[in-house]
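Architecture and fold: a report
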Amino acid sequence: MIRYVISRLFNSFLVMLAVSFIAFFIMYKAGDPLQLLLPPDATAQEVAQMRHTLGLDGSFLTQYKSFMIQLSHGNLGNSFIYGEPALDIVLERLPATLELAILAMGVSILLGVPLGVISSMDPDSLKSKAIMLFSLTGISIPVFWIGMMLVLIFSVVFEILPSSGRGEVYLFSSVFTWDGIKHLIMPVTTLSLFQLALIIRLTQSGMREVLTEDYVKFATAKGLPRKVIVYRHAFKNTLLPLITVIGIQFGQLIAFTIVTETIFAWPGTGKLIIDSIQNLDRPVVIAYLLVVALIFILINFIVDILYTWVDPRVRLS
């Protein structure tokens, strides 16, 4: 276990190093931020002074070396726009994005897994066909269209849900206040619909494959109750691919909530990264990408641990 953790830490370090280099290179080539920070009539002296102040007057390697030295001290630099530490700005917005992602994935798992199991037990029934039709619809409809339709119906026509913002926040979350819950309903629904449809299909296909295995037939021949066969023996063997996909999708939810946060003006990291890219705010973009990469690494580590819990034959090595 210790050797596995050390190996993962070393690999994580290499991943973070690669992400930092690629992100820095892309933002270096994206353009000169001084063209956005200074007025068009700025003198050459003012431009040179600002460039020196922001540390943009060296070559790519010089700037990257300076960035890595700062990074080794836990400093990702100050935002060109806000003038505050870039990491603090990202971490300040991160709870709002995590709240959306966790709730959307929680709803998807709580509804998707049971519906997938139910639809696998009798695939030809009307109930199963209705579930799979819903799943197909959820996968096919674009996320931005769902969000816009929800705003049109519940905010514009019926005026029962707010169309933007996070609402009243208590203890870093909106779920503890009624106003916050009303602001959460549409963004969470928009984000969770695709994940819900995906989990239903994965669970259903995995269960249908497992239910044809010999040990399931043997358990049926022994006279075990149907629910015991399905939930205790068959379902457990569909968990490995399901956990893998849920882990990947959860990371993507955190990293790519940009569309949903833009539609609902949700003050999370998705809206922040869009604004930062438009303003060529290099420190904030790099800080965001490094935080997201770290989250992906942590999620993959947790998924590996879950593998050993679901299937004891899997060894961490």
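The rules we used
In every chain, residue numbers begin from 1 and rise along the written sequence. Restriction of local features to residues with pLDDT of at least 70 applies here, the model being predicted, together with a cutoff of 80 or more for giving and counting side-chain atom pairs; totals for whole chains, interfaces and linings are based on all residues. For side-chain calculations, the full set of non-hydrogen atoms in the structure is used, while hydrogens and water are omitted. Labels follow the DSSP assignment, with helices taken as runs of H or I lasting at least four residues and strands as runs of E lasting at least two, numbered in each case from the N terminus. Every residue pair with non-hydrogen atoms within 4.5 Å of one another is taken to be in contact. To obtain an axis, a line is fitted to C-alpha atoms, over the contacting stretch when the element is a helix, and the angle between two such axes runs from 0 to 180 degrees between their N-to-C directions. Roughly parallel refers to an angle under 35 degrees, roughly antiparallel to one over 145, roughly perpendicular to one between 65 and 115, and oblique to any angle outside these ranges. What makes a crossing left-handed is the near helix being turned counterclockwise from the far one by less than a right angle; a clockwise turn instead makes it right-handed. Each residue is assigned to one class: nonpolar for Ala, Val, Leu, Ile, Met, Phe, Trp, Tyr, Cys and Pro, charged for Asp, Glu, Lys and Arg, and polar for all the others, Gly among them. The criterion for an aromatic pair is that two Phe, Tyr or Trp rings (for Trp, the six-membered ring) have centres within 6.5 Å, with stacked assigned to planes under 30 degrees apart, edge-to-face to planes over 60 apart and tilted to the rest. The buried label goes to any residue with under 20% of its type's maximum accessible area, the exposed label to any with over 50%, and the partly exposed label to all in between, with areas taken from a 1.4 Å probe on protein chains only.

Before going further, it helps to spend a moment on the environment of Pro267. Within the element layout of this structure, Pro267 appears in the loop between α12 (258-263) and α13 (269-278). If we skip the residues at most four places from it in the chain, Pro267 touches Arg93, Ala96, Gly165 and Arg166.

Before going further, it helps to examine the packing of helix α1 (residues 2-30) against helix α4 (residues 60-72). Their axes nearest at 11 Å, the elements α1 and α4 cross at an angle of 135°. Taken together, the axes of α1 and α4 lie oblique to each other. Note on packing geometry: the crossing formed by α1 with α4 is right-handed. Where α1 abuts α4, its residues Leu17, Ser20, Phe21, Phe24, Phe25 and Tyr28 lie against Phe60, Gln63, Tyr64, Phe67 and Met68. Considering only residue class, the contact of α1 with α4 consists of nine nonpolar, two polar and no charged.

Turning our attention to the packing of aromatic side chains. Enumeration over the complete set of coordinates arrives at ten aromatic pairs. Look at Phe21 and Tyr64: their rings are 5.3 Å apart centre to centre, the planes differ by 90°, and that puts the pair in the edge-to-face class. With Phe21 in helix α1 and Tyr64 in helix α4, this pair connects stretches of sequence that are 43 residues apart. Judged by its relative accessible area of 38%, Phe21 is partly exposed. Here the aromatic rings of Phe60 and Tyr64 are separated by 6.1 Å at their centres, their planes lie at 10°, and the arrangement is stacked. Here the residue Phe60 and the residue Tyr64 both occupy positions in helix α4, the gap between them amounting to four residues, near one helical turn.

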